[in-house]
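# Overview (structure and organization)
One-letter residues, chain by chain:
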Amino acid sequence: DELFSSELLKAILCGQFGDYGMSPSTASFFIHAGIVSHYLDGGYYPVGGPQHISRGLIKTIEKAGGRVLVNAPVDKVKVSQGRATGVTLRNGAEIM
């Protein structure tokens, strides 16, 4: 409201604010420009949907010896010599 009085202009500029991951008032110009640029010639999406990106990342993490858990809140991160070496989950399970 402090920068623009036109409701139409505000609606146009905030049309993709759901993609920001933050409120438009706290998003940098860089974030806004990147998102707008993404939609200029139409939005692009991974073939098969965005889940393919996370599935690819999971394969890479597991190949390197890591694990990916969902719905597993972490209580503590164990650190040794400045590196994370394991976690204790909220349910008490330890993963090293």
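Below, the structure is looked at part by part. (Residues numbered from 1 in each chain as written. Predicted model: local features only at pLDDT ≥ 70, side-chain atom pairs only at ≥ 80, totals over all residues. Heavy atoms only, no water.)

### Focus on the sheet that holds strand 3 (residues 94-95)
The condition is simple: Two strands make a pair as long as DSSP finds a minimum of two bridges between them. Here a helix means four or more residues in a row that DSSP labels H or I, a strand means two or more in a row labelled E, and each is numbered from the N terminus.
Strand order in the open sheet formed by three strands is 1-2-3, and the pairing between neighbours is antiparallel. Two strands bound the open sheet, and with one partner strand each, they are strand 1 (74-80) and strand 3. Relative to strand 3, strand 2 (residues 83-89) runs antiparallel, the two sharing two bridges. Each residue of the ladder has a partner; that of valine 87, found in strand 3, is isoleucine 95.

### A look at the pairing of strand 2
Where strand 1 meets strand 2, six bridges bridge the pair, whose relative direction is antiparallel. Paired with valine 79 across the bridge in strand 2 is alanine 84. Linking strand 1 to strand 2, which pair antiparallel, is a turn of two residues; within it glutamine 81 sits at a positive phi near 55 degrees. In this structure, the hairpin formed by strand 2 and strand 3 is closed by a connection of four residues, where glycine 92 is found at a positive phi of approximately 95 degrees.

### A few points about helix 3 (residues 51-63)
One turn of an α-helix holds 3.6 residues; hence residues three or four places apart share an orientation. Definition in use: The span expected for a helix works out to 1.5 Å for each residue beyond the first.
With 13 residues, helix 3 ought to run about 18 Å at 1.5 Å a step, and its terminal C-alpha atoms sit 18 Å apart, in line with that. In the stretch just after helix 3, glycine 65 is the one whose phi turns positive, near 95 degrees.

### A short note on the pattern of salt bridges
Proximity of charged atoms lets side chains of opposite charge pair with each other. The condition is simple: Whenever Lys or Arg places a side-chain nitrogen within 4 Å of a carboxyl oxygen from Asp or Glu, that contact is recorded as a salt bridge. Three exposure classes are used, based on accessible area relative to the maximum for each residue type with a 1.4 Å probe and protein chains only: buried under 20%, partly exposed in between, and exposed over 50%.
Counted by the stated rule, this structure contains two salt bridges. A salt bridge links lysine 10 to glutamate 7; the nearest nitrogen and oxygen atoms lie 2.9 Å apart. Of this pair, lysine 10 and glutamate 7 both sit in helix 1 (residues 7-13), three residues apart, which is roughly one turn of the helix. Take glutamate 7: its relative accessible area is 56%, and that puts it in the exposed class. The partner of glutamate 94 in a salt bridge is lysine 78, with the nearest N and O atoms 3.7 Å apart. In this pair, glutamate 94 sits in strand 3 while lysine 78 sits in strand 1, placing the two residues 16 residues apart along the sequence. In this structure glutamate 94 comes out as exposed when scored by relative accessible area, which is 52%.

### What to know about the environment of serine 25
Residue placement: serine 25 occurs in the loop between helix 1 and helix 2 (29-39). In sequence terms serine 25 and glutamate 94 are 69 residues apart; their C-alpha atoms lie 40 Å from each other.

### Structural notes on the side chain of histidine 32
Rule in force here: Two residues qualify as a contact provided that any one of their heavy atoms is within 4.5 Å of a heavy atom in the partner residue.
Secondary-structure assignment places histidine 32 in helix 2. The residues touching histidine 32, leaving out its near neighbours within four places in the chain, are Leu13 and Tyr20.

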